[in-house]
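# Secondary and tertiary structure notes
Now for the letters of each chain:
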Amino acid sequence: MLSKNFSPAETEQALYQGWEDAGAFAARPDSGKPPFTIMIPPPNVTGSLHMGHALTFTLQDALIRFRRMQGRDALWQPGTDHAGIATQMVVERLLASEGTERRALGREAFLERVWRWKAESGGAITRQLRRLGASLDWQRERFTMDEGLSAAVRKVFVTLYRQGLIYRDRRLVNWDPKFQSAISDLEVESREVAGHLWHISYPIDGAPGRFINVATTRPETMLGDVAVAVHPADARYADLRGRHAILPLVGRRIPIIADEYSDPEKGTGAVKITPAHDFNDFEVGRRHDLAMPSVIDREGRIDLAEIAADLLPVPGIAAPDLVHTLAGLDRFEARKRVVAALERLELIETIVPHTHQVPHGDRSGVPIEPLLTVQWYCNAAELAKPAIAAVERGETTFVPKQWENTFFAWLRDIQPWCISRQLWWGHRIPAWYGPDGAVFVAETEAEAADQARAHYGRDAALSRDEDVLDTWFSSGLWPFSTLGWPDATPELDRYYPTDVLVTGFDIIFFWVARMMMLGIHMMGAVPFRAVYIHGLVRDERGQKMSKSKGNVIDPLALIDEYGADALRFAICSLTGPGRDIKLGPAIVQSHRSFVTKLWNAARFCEMNGVAPVPDFDPATAQHVLSRWILDAANAAIGEATAALEAYRFDEYAQAGYRFTWNVFCDWFLELAKPALADEATAPELRAVAAHVLGVILRLLHPAMPFVTETLWDHFGYGPRCSLIGADWPRPVAVSDADAARTELSWLVRFIAEIRTVRSEMNVPPATLAPVLLREARAETLARAARWAEQIRRLARVETVEPLSGPLPAGSAQAVVDEATLVLPLAGLIDLSAERTRLARERDKAAGEAEKIRRKLDNADFVSRAPEEVVTDNRDRLAAAEHEVVRLGAALARIA
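Anyway, here's the lowdown on the structure attached to this text. (Residues numbered from 1 in each chain as written. Predicted model: local features only at pLDDT ≥ 70, side-chain atom pairs only at ≥ 80, totals over all residues. Heavy atoms only, no water.)

## Points about the packing of aromatic side chains
Scanning the entire structure with this criterion turns up 34 aromatic pairs. Taken together, a centroid distance of 4.9 Å and an interplanar angle of 80° make the contact between F66 and W728 edge-to-face. Of this pair, F66 sits in helix α2 (residues 51–69) while W728 sits in the loop between α24 (705–715) and α25 (737–760); the two residues are 662 residues apart in sequence, bridging distant segments of the chain. Neither F66 nor W728 differs from the other in exposure class; each is buried. Geometrically, the ring pair formed by F594 and W661 is stacked, given 6.4 Å between the ring centres and 15° between the ring planes. Remark: W661 occurs in helix α22 (residues 649–676) and F594 occurs in helix α20 (residues 585–607); sequence separation between them is 67 residues. Given the relative accessible area of 0%, F594 is considered buried. Put simply, the rings of F157, Y161, W376, W417 and F473 pair up and form one aromatic cluster. In this structure, R65 is placed above the aromatic ring of W19, and the distance from its NZ or CZ to the ring centre is 4.6 Å. (Phe/Tyr/Trp six-rings, centres within 6.5 Å; stacked < 30°, edge-to-face > 60°. Helix = DSSP H or I, 4+ residues; strand = E, 2+ residues; numbered from the N terminus. Buried < 20%, exposed > 50% of the residue type's maximum accessible area, 1.4 Å probe, protein only. Lys NZ or Arg CZ within 6 Å of the ring centre and 35° of its normal.)

In structure tokens form, the structure reads like this:
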């Protein structure tokens, strides 16, 4: 007998271990079944399960379980990412706690320490994925730094280099002064900083007393200014275009140039151009062939080496001696001294408090410095062309489709991809340098030595490039490197291209685009046929989760409290196309109620002798209730299947919920109670109930694997842990389904209308009321008689009889088809008081609706309020308007 309550804590781990031991997650390349493949977005090896993981892996697991049950050879490829900066940071912190640091160890010893840390502590995320119920093919687990994937990385790098698609160049990068490395845009976060906007006067050369005013938030970078830009159409500066200004403090003559980057509506309309320390200025510098001197070094200190020759004394304008004192100073200390010097020279026109967004390293926490460095680059623009064309041709589709526009926008404006990082942990760049700086790119050091020998005509000492590759480079190879490439493996032939990639919109550019570019270039085919883009997980109020706000939700804590099934079903229920998810403990708790409802329904079935009948044929069912629930199950199967096929996880969850709770539990089991107690009808009803319960367990399994597998095993639908591999339910033949549907639809509406009237009129539950039928056809009266017992019990009705005389005073009415249901309530409740109450509640709802409507009609409110606040008000307005209609209808019921 089932226990009173389902206990996830006592069940989940054992069930998961049973699945894993039985090989239930394993792909079977030799099965002959059509393949279905999903590549996991590899979480960082340093990571712990967060709500973003819980969202994406729940959706992926639901798809994999669904397709596996449909008879597909399902491969969900697991693995983790080596996470260059994140992992190096973790190990460096460990070393610091031991009183040492990586440079003291040396590169090889440090890398040995990282590998040791990975072996000891790097598996937390995979253990946590098991707690979520993720049915990954763990025997195929890969790591982006394992030997097979490392070989793939070297092969791709060398291939692209020889094709001219990888090269070295001197360009601006996001430089992290703390980590001493270039970092990607995804590793940069903007933080609001309260600073200042300094308006500085640059003297016009040859025009004493005349100045051009520029505004900057970074006066320390002016040491590297090479021009002042104004808009070509800005008439204020028409006579200054082509002339020169004198750079304050430095004394260098710099041109005043015309460029559309300058915005006449912003500030003074004149901007200082510092190509070596600003991304926009860099592009201006390239357009005008300007010099690009760096004045800040890799540690964020002032470096005058590239401008020393330009320092010229100009009385009242330039002070070379003072500039020399800035050398070696931290950039922020130098800022203070530059401002003080400009104030002494009376070249600061005004200082305005200014709050602005400043890019910071997301892990180091220090402001990023745009820095001009020599790095390795990939010609992303060339690789992007086939990726764009593939999406245009429909070889890869985005769901929702509007994300294709984001994909196109990014790829059509893509810049060279900086693929080198100044770290020790990662894929070391396979490039070696000769004594004269000549570069030799090869997959192995021996091959590089052969190239050098051919180049120099003798053996030469080579030194390997110190840098490692951007983590996104190896991640971009994930769909084919994990399948054995560059070897021609059976898995590669069978599972590539994959079927769908499930990921968030925030990495369309960083990961999706790179997989598309590299997959098409190296494999000749797209890496996935579909890309399903989900939103972000926010808190219950719609706020983005962050540690600073204190609203971060731990999915493991939710699993501990409510079970994995409740969390997973909540996620599926809330995941609709193009929208973020508002999630919190209360929402997960409410979905645990659904798990409990399913469990209680199963207990009721078991207590009433329901058990699978192996040779039961649903087509033989005769009882109208049997035929109705079988037909309804067919509809639920169709809805759930169509929803999962279309990646409508919300509609899938709603279909399962509606059928299980609203149809099977609330109506079928309640209506079946008399039949289950009648030996003449009980055998069929038990067999039907068992069949439909089996359908429910299979339908819900992708979202709620633990409770469904527990019940499947307990009822004996198959061997232990077999639901995961059971067939996805299919519609069955139902005898005279239309008649059953019509009959039960009438009954459900009949009882529901009576319940609604009783609820609206505040009729006490224990009070039975008669129901009179006015203008009812003979067929309706016959139905009422057939279902009299169920109507009495479920609608709290004393009798159901035709109305032969006038309408009784003090009655409430409802309409079902042609018949009017009349409930004489005089003497049962105070009708006058109810009329007053309903009118008061209606007026209150109308007032609330009008108040919200006025707020939403205020364009200023709508434009200024956060999107989630506006959405909340629209939802409240809809609810208030619905309440007005409902209460008005309730008033109209009273005769």
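## Quick notes on the side chain of R627
With respect to the helices and strands, the residue R627 is situated in helix α21 (residues 624–645). Buried R627, no salt bridge; nearest opposite-charge side chain is D736, N-O distance 4.3 Å. (Lys, Arg positive; Asp, Glu negative; His and termini not counted. Salt bridge = Lys/Arg side-chain N within 4 Å of Asp/Glu carboxyl O.)

## Remarks on helix α28 (residues 831–857)
Look at α28: 38 Å from first C-alpha to last across 27 residues, which is about the 39 Å you get at 1.5 Å a residue. Looking at α28, one finds that the buried residues are L831, E834, R837, L838, A845, A849, I852 and L856. Summarising the contacts, the buried residues of α28 are in contact with α25, α29 (859–864) and α30 (867–893). (Expected span 1.5 Å × (residues − 1). Contact = heavy atoms within 4.5 Å.)

## Some thoughts on the state of the cysteines
Per the stated rule, a full pass over the model turns up 0 disulfides. The thiol sulfur of C605 is not disulfide-bonded, and the nearest other cysteine sulfur, from C665, lies at 8.0 Å. (Disulfide = S-S within 2.5 Å.)

## So, unusual backbone geometry
Most peptide bonds take the trans configuration, and most residues that are not glycine carry a negative phi. The omega torsion across W485 and P486 is 20°, close enough to zero to call that bond cis. Examined against the element boundaries, P486 turns out to sit in the loop between α15 (478–481) and α16 (490–495). Following Y496, the chain continues into P497 via a peptide bond in cis, with omega recorded as 0°. On the secondary structure map, P497 appears in the loop between α16 and β22 (498–504). Its identity as a non-glycine residue notwithstanding, C721 has a phi of 60°, on the positive side. Mapped onto the elements of the fold, C721 is located in the loop between α24 and α25. Its identity as a non-glycine residue notwithstanding, D736 has a phi of 50°, on the positive side.

## Structural notes on the packing of α21 against helix α23 (residues 682–700)
Remark: α21 packs on α23, axes separated minimally by 10 Å, with the N-to-C direction vectors making an angle of 10°. With respect to their mutual orientation, α21 and α23 come out roughly parallel. Residues L625, S626, I629, L630, A633, A636, I637 and A640 of α21 form the contact with α23, whose participating residues are E684, L685, V688, H691, V692, V695 and L699. Taken together, the residues of the contact of α21 with α23 break down into 12 nonpolar, 2 polar and 1 charged. (Axes fitted to C-alpha atoms, helices over the stretch in contact; angles between N-to-C directions. Parallel < 35°, antiparallel > 145°, perpendicular 65-115°, else oblique. Nonpolar A, V, L, I, M, F, W, Y, C, P; charged D, E, K, R; others polar.)

## Some details on the sheet that holds strand β5 (residues 166–176)
In a beta sheet, neighbouring strands are held together by backbone hydrogen bonds and run either parallel or antiparallel to one another. Pairing is antiparallel across the open sheet formed by 4 strands, whose spatial order is β6-β5-β14-β16. Of all strands in the sheet, those with a lone pairing partner are β6 (181–183) and β16 (417–418), marking the two edges. Strand direction decides the pairing type here: β5 and β6, joined by 3 bridges, are antiparallel. In the strand pairing of β6, D176 is matched with S181. (Pairing = 2+ DSSP bridges.)

## As for the packing of α20 against α24
Here α20 crosses α24 at 10°, and the two axes come no closer than 11 Å. With respect to α24, the element α20 is oriented roughly parallel. Of α24, the residues touching α20 (which contributes V595, L598, W599, A602, C605 and E606) are V707, T708, T710, L711, H714 and F715.

## Details of the nonpolar core
With 206 residues, the main nonpolar core has F407, F473, L567, L583, F664 and F668 as its most contacted residues. Tallying contributions element by element places α22 first for this core, with 13 residues. Contacts of F407, omitting those with residues within four sequence positions, involve A387, I388, V391, F398, I508, A513 and M516. (Core = buried A, V, L, I, M, F, W, Y, C linked by side-chain atoms within 4.5 Å.)

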